[in-house]
Protein chains: 4
Amino acid sequence: MGPLTTRRRVEFRDTDAAGIAHFSAFFFWMESVEHELLRAAGVAVVERQPDGSDVSWPRVSTGCDYESAVHFGDEIEVTAAVAAIGRTSVTYAFVFAHAGRPVARGRVVAVRCAMRPATPPEPVAIPADVRQRLEAFRSAG
Amino acid sequence: MGPLTTRRRVEFRDTDAAGIAHFSAFFFWMESVEHELLRAAGVAVVERQPDGSDVSWPRVSTGCDYESAVHFGDEIEVTAAVAAIGRTSVTYAFVFAHAGRPVARGRVVAVRCAMRPATPPEPVAIPADVRQRLEAFRSAG
Amino acid sequence: MGPLTTRRRVEFRDTDAAGIAHFSAFFFWMESVEHELLRAAGVAVVERQPDGSDVSWPRVSTGCDYESAVHFGDEIEVTAAVAAIGRTSVTYAFVFAHAGRPVARGRVVAVRCAMRPATPPEPVAIPADVRQRLEAFRSAG
Amino acid sequence: MGPLTTRRRVEFRDTDAAGIAHFSAFFFWMESVEHELLRAAGVAVVERQPDGSDVSWPRVSTGCDYESAVHFGDEIEVTAAVAAIGRTSVTYAFVFAHAGRPVARGRVVAVRCAMRPATPPEPVAIPADVRQRLEAFRSAG
């Protein structure tokens, strides 16, 4: 299958006084598109466990490099790929473009964790079927 | 004692492509200043109960009227008063000014509620001592 | 035609530590749906004028009443209607629902203004053709 | 002088449904503390030029690594240092801690640019006096 390609519109809330999308908006778009990819893969974003805990995907590292600006109302194209899968972690790579022009590149490392109230997230191994579903969104090459 | 007066700076995240503070920023400032008032009153924003539930103050109504704009870096003066206290609810009134110029007026109705997972918030009576602490921030007249 | 009905998904960025959509998210949704209504009406959200100024729609009053909570991932239904049109202002009424259950009601008063750098927004009369396009989204009755 | 150390409180708006500060909040704190450092250094965040353009500091790269979570109401300690100064760019390094416990590490690369309407930001050399003021916030070693 390969990477997921989707679109997001620059909302007014995403802009700043420099007249362009605020740099933080790209992190919100990455999270939103990561969730869209998980739904497309049939993997729960939050999965209630028999013991009452939730399994989810908190991030341990995020980053973004900016190449050009986008403005209110622009429809941007976002490509999201699974770049690596470790024992407990998934690395996503994002490419943002507008009208064929490169806009930004981002990356997110999320770790599958058991979430329980009042204790820190505890990394858990990614089950084989989840791994397989995510492999379908691998970047080429 | 009367109303609480405090200051907030317009951060870049609060601005939009019109070059001014986005209208939503006033709701964030109201929430932040409401919490500052509660701390000044010695009232917990979130209070763990013996039965494991939390008592907190979700809002049932919010509103804001805008008179003039503020810009990145402006230090604004916020006055927060308790306008009314009902059996379970508190109404706050906010006045925003910059350099003596009126900027906006807001209002929030918050309800004291028991919060339990997977059930809707349940309104609870405001205890006498909490009521007394809040009365100290009553608007004059 | 009557009101516009559309959908928004509760994103993770919209939630708070109470586990539900933060009250501020409704204001972002109102703004986003107002812009969707303007686009559907064929009215520019920002319109560059021959003299170099922009005509846009800053808000002078906003408010929201909350009836029940929505959670991460919920798809909510938003109905937006034009409730009143004055010489320079438009009042919008919003109804939020989830799975048939009422969630919130909001209102926004926006004023058509000429926006010029370093001067306050200046209200301008709504042209007849814009008024006619907006009338199509009038609430019934 | 060395790095700037300051404090920020986790506001409710910064939290998410996992009950902790949302990962995006660290980017807002970095921007806010970068501006506090510039003000402490006597360097304008936005500087109007004789030709009517603004000189400011858009970012070309940002990133954050997360080590532990912080919660609503926590007061976090933020240390901001100038890690490198190039011809047009400044690299900032941020360390977040709470009660002595490491929370996150972030980095921002900002470029001094002339900002003009309708044209992309144009990198400009950092003047000697600005460079000198920023050098005072160099990280040790």
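Our subject is the structure listed above.
Residues numbered from 1 in each chain as written. Chains lettered and ligands numbered in written order. Predicted model: local features only at pLDDT ≥ 70, side-chain atom pairs only at ≥ 80, totals over all residues. Heavy atoms only, no water.

## A look at the overall build of chain A
To keep things clear, this is the line we draw: Helix and strand definitions here come from DSSP, where helices need a minimum of 4 consecutive H or I residues and strands a minimum of 2 consecutive E residues; each element is numbered from the N-terminal end. We compute the radius of gyration over the C-alpha atoms and compare it with the globule rule, which gives 2.2 Å times the number of residues raised to the power 0.38.
For chain A, the count of helices and strands is 2 helices and 9 strands. Of the regular secondary structure in chain A, the N- to C-terminal order runs β-α-β-β-β-β-β-β-β-β-α. Computed over its C-alpha atoms, the radius of gyration of chain A comes to 16 Å, within 12% of the 14 Å expected for a compact globule of 141 residues. Summarising its shape, the C-alpha atoms of chain A cover approximately 50 × 40 × 20 Å along the three principal directions.

## Brief notes about the interface of chain C and chain B
The condition that has to hold: A contact between two residues is defined here by any heavy atoms of the two lying within 4.5 Å. Note on terms: buried area is the combined drop in 1.4 Å-probe accessible area of two parts once they are placed together, counting the loss on both. We define a salt bridge as a contact between a side-chain nitrogen of Lys or Arg and a carboxyl oxygen of Asp or Glu at a distance within 4 Å. Under the convention adopted here, Pro, Cys and the residues Ala, Val, Leu, Ile, Met, Phe, Trp and Tyr are nonpolar, Asp, Glu, Lys and Arg are charged, and Gly plus all remaining residues are polar. Only strands joined by at least two bridges in the DSSP assignment are considered to pair.
Taken together, the contacts link 17 residues of chain C with 17 residues of chain B. Carbon and sulfur atoms make up 62% of the surface buried where chain C meets chain B, a total of about 1,500 Å² over both sides. Ranking the residues of chain C by area buried against chain B places F23, T62 and Y66 of chain C at the top, with a combined share of 32%. Viewed at the interface, chain B and chain C are joined by 0 salt bridges. Put simply, the parts of the chain that give the side of chain C that touches chain B at least two residues each are α1 (25–41) and β4 (59–66) of chain C. Counting residues per element, the side of chain C that touches chain B draws most heavily on β4 of chain C, which supplies 8 residues. For the side of chain C that touches chain B, the residue count by class is 8 nonpolar, 5 polar and 4 charged. For strand β4 (residues 59–66) of chain B and β4 of chain C, the ladder comprises 5 bridges, and the chain directions are antiparallel. In the strand pairing of β4 of chain C, G63 of chain B is matched with G63 of chain C.

## Let's talk about the relation of the copies chain C and chain B
Condition: The atoms used to superpose the copies are C-alpha atoms, taken from residues with pLDDT of at least 70 in both, and the fit is least squares.
The transform that puts chain C on chain B rotates by 180 degrees and translates by 0.0 Å along the axis, for an RMSD of 0.0 Å. Between the two chains, the operation in question is that of a two-fold axis. Of the C-alpha atoms belonging to chain C, the one lying closest to the rotation axis is found on G63 of chain C, 1.9 Å away. Here 100% of the interface residues in chain C have copies in chain B that are interface residues too; the copies meet face to matching face.

## Some remarks on the pattern of salt bridges
Any two side chains of opposite charge can pair, on the condition that their charged atoms come close. Heads up, the condition is: Here the term buried applies to any residue with accessible area under 20% of the maximum for its type, exposed to any over 50%, and partly exposed to those in between, with areas from a 1.4 Å probe on protein chains only.
Counted under the stated rule, the structure contains 52 salt bridges over all chains. Salt-bridge contacts for R9 of chain C lead to E75 of chain C; the nearest nitrogen and oxygen are separated by 3.8 Å. With R9 of chain C in strand β1 (residues 4–9) and E75 of chain C in strand β5 (residues 75–85), this residue pair connects regions lying 66 residues apart in the sequence. Owing to a relative accessible area of 29%, R9 of chain C belongs among the partly exposed residues under this scheme. E75 of chain C sits in the partly exposed class, given a relative accessible area of 35%. Measuring nitrogen to oxygen at the nearest pair gives 2.8 Å for the salt bridge that ties E36 of chain D to R8 of chain D.

## Side note on the state of the cysteines
Linking two cysteines covalently through their sulfur atoms gives a disulfide. Definition in use: In plain terms, two cysteine sulfur atoms within 2.5 Å form what is called a disulfide here.
According to the stated counting rule, one finds 0 disulfides over all chains in the structure shown. Cysteine C64 of chain D shares no disulfide, and the gap to the nearest cysteine sulfur, in C64 of chain A, comes to 13 Å.

## Quick notes on helix α1 (residues 25–41) of chain B
Residues and elements named next belong to chain B. What counts is decided by this rule: Each helix should span, by expectation, one fewer than its residue count multiplied by 1.5 Å.
The end-to-end C-alpha distance of α1 is 24 Å, a good match for the 24 Å that 17 residues give at a rise of 1.5 Å each. Most of α1 is tucked away, with 14 of its 17 residues classed as buried. Immediately downstream of α1, the backbone of G42 shows phi near 75 degrees, a positive value.

## Brief notes about the sheet that holds strand β2 (residues 47–48) of chain B
Residue and element names in this part refer to chain B. Here 4 strands make up an open sheet; going across it, the order is β2-β3-β8-β9 and the pairing antiparallel. Each having just a single partner strand, β2 and β9 (122–123) make up the two edges of the open sheet. Judged from the 3 bridges that link them, strand β3 (residues 54–56) and strand β8 (residues 113–115) form a sheet pairing that is antiparallel. Each residue of the ladder has a partner; that of S56, found in β8, is C113.

## Considering the pairing of strand β6 (residues 89–98) of chain C
Residue and element names in this part refer to chain C. Of all 10 residues in β6, 7 are buried, a share of seventy percent or more. Relative to β6, β5 runs antiparallel, the two sharing 8 bridges. The residue bridging I85 from the neighbouring strand is V90, located in β6. Following β5, the chain reverses through 3 residues before pairing antiparallel with β6. Here β6 runs beside strand β7 (residues 101–111); their pairing, made up of 10 bridges, is antiparallel. Directly across from V90, in β7, lies its bridge partner A110. Remark: 2 residues form the turn of the hairpin made by β6 and β7, two consecutive strands paired antiparallel; A99 in that turn has positive phi of roughly 55 degrees.

## Remarks on the environment of F23 of chain A
Assignment of secondary structure puts F23 of chain A in the loop between β1 (4–9) and α1 (25–41). Put simply, F23 of chain A and V130 of chain A are 107 residues apart on the chain and 31 Å apart in space, counted from C-alpha to C-alpha. Setting aside residues up to four positions removed in sequence, F23 of chain A forms contacts with Y66 of chain A together with F27, E31, R59 and T62 of chain D.

## A few points about the interface of chain D and chain A
The following threshold applies: Throughout this description, a polar contact denotes any pair of N or O atoms lying within 3.5 Å of each other; where both atoms belong to protein, one of them has to be capable of donating a hydrogen while the other can accept it, and for residues adjacent in sequence the pair is counted only when both atoms sit in side chains.
Contacts between chain D and chain A engage 17 residues on the former and 17 residues on the latter. Counting across the chain D and chain A interface gives 0 salt bridges. At the junction of chain D with chain A, the criterion picks out 10 residue pairs in polar contact (both at pLDDT 80 or more). Listed by contribution, the elements that provide at least two residues to the side of chain D that touches chain A are α1 (25–41) and β4 (59–66) of chain D. Looking at side-chain class alone, the side of chain D that touches chain A contains 8 nonpolar, 5 polar and 4 charged residues.

## Some thoughts on the pairing of strand β5 (residues 75–85) of chain A
Two strands pair when backbone bridges link them, and β1 of chain A and β5 of chain A are joined in this way by 6 bridges, in the antiparallel orientation. Within β5 of chain A, the position partnered with T5 of chain A by the bridge is T79 of chain A.

## Section: the packing of aromatic side chains
For clarity, the cut-off: Between the rings of Phe, Tyr and Trp (Trp by its six-membered ring), a pair exists once the centres lie within 6.5 Å; its type follows the angle of the planes, with under 30 degrees stacked, over 60 edge-to-face, and the other angles tilted. Two conditions define a charge sitting above a ring: the NZ of Lys or the CZ of Arg must be within 6 Å of the ring centre, and it must be within 35 degrees of the ring normal.
Counted under the stated rule, the structure contains 36 aromatic pairs over all chains. Look at F26 of chain B and Y66 of chain B: their rings are 5.4 Å apart centre to centre, the planes differ by 75 degrees, and that puts the pair in the edge-to-face class. Of this pair, F26 of chain B sits in helix α1 while Y66 of chain B sits in strand β4; the two residues are 40 residues apart in sequence, bridging distant segments of the chain. On the basis of relative accessible area, F26 of chain B is assigned to the buried category, the value being 4%. Since its relative accessible area comes to 13%, Y66 of chain B is described here as buried. Above the ring of F28 of chain C, the side-chain terminus of R13 of chain A is found at 3.9 Å from the ring centroid. Sitting over the face of the ring of F23 of chain D, R59 of chain A holds its NZ or CZ atom 5.3 Å from the ring centroid.

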